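One letter stands for each residue in the lines below.
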Amino acid sequence: MGKSTSAKLFAEAGIPVNDSDAVVHDLYSGEAVPLVEAAFPGSTSDGKVDRQELSRKLTSDPSGFKRLEAIVHPLVREREHQFLERYRQAGADMIVLDIPLLFETGAETRLDKIVVVSCDPQIQRERVLARPGMTKEKFNMILSRQTPDAEKRARADYIIDTGGSIEAAGEQVREIIADLRRKQQSKK
């Protein structure tokens, strides 16, 4: 959908962004490794979670997602808490939490505002299938675990349409930041 690009646009505008995917990548090279290996034997090598092997195991047994989430989500949440504290103490007027599966995990209840990144389903499909190692089956499995885009849009405070250019997405990000700052000022 362009979520990572949109998050980068917020960061370029000076807004601190906590990227949950990056946190998971870090955890998969550190504290999550022994926990994931215990739950999914053979899913690690060289002191890291082998994402391809873990993905293979989850594709063959989707019930494993719940076990994996029970391991990873609390660790991600702790890192998120540390990030929020660091930037609140630094005086940040807003912070972006880039959270995949926001609605699916109930994380929206922790947020003041929700920005959904969206594009035409065909564009999404083309982008995802162009990723290394992505298959139609894997893509369909990912979609099956997600809240439908129409529902996400309906629940959003703001929507960034990433079907156009990066410049157009950047303008939408700047408009959102300006609107949020106006609303903060009117509360004072």
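Owing to the predicted nature of the structure, the values given are computational and were not obtained by experimental measurement.

(A) Geometry of the domain arrangement of the protein chain. Segmenting the protein chain into domains produces domain 1 (1-16 + 94-187) and domain 2 (20-91). Between domain 1 and domain 2, the C-alpha centre-to-centre distance is 21 Å. Both sides of the domain 1 and domain 2 interface together cover about 1200 Å² of buried area, and 62% of this is carbon and sulfur. Where domain 1 meets domain 2, there are two salt bridges. Two residues, Lys3 and Asp21, come together in a salt bridge whose shortest N-O distance is 3.5 Å. Where domain 1 touches domain 2, the interface holds four residue pairs in polar contact (both at pLDDT 80 or more). At the level of elements, strand S4 (96-98) and helix H7 (136-144) are the ones that each hand at least two residues to the side of domain 1 that touches domain 2. Looking at the side of domain 1 that touches domain 2, its residues break down into six nonpolar, one polar and five charged.

(B) Inspection of the pattern of salt bridges at higher detail. Taken as a whole, this structure holds 15 salt bridges when the rule is applied. In this structure, the salt-bridge partner of Arg79 is Glu31, at a minimum N-O distance of 3.1 Å. In this pair, Arg79 is assigned in helix H5 (residues 64-89) and Glu31 in the loop between helix H2 (20-27) and helix H3 (33-39), connecting sequence segments 48 residues apart. The exposure class of Arg79 is partly exposed, given its relative accessible area of 23%.

What counts as what
Residues numbered from 1 in each chain as written. Predicted model: local features only at pLDDT ≥ 70, side-chain atom pairs only at ≥ 80, totals over all residues. Heavy atoms only, no water. Domains from an automatic or database assignment. Buried area = accessible area lost by both parts, 1.4 Å probe. Salt bridge = Lys/Arg side-chain N within 4 Å of Asp/Glu carboxyl O. Polar contact = N/O pair within 3.5 Å; in protein donor to acceptor, adjacent residues only side chain to side chain. Helix = DSSP H or I, 4+ residues; strand = E, 2+ residues; numbered from the N terminus. Nonpolar A, V, L, I, M, F, W, Y, C, P; charged D, E, K, R; others polar. Buried < 20%, exposed > 50% of the residue type's maximum accessible area, 1.4 Å probe, protein only.

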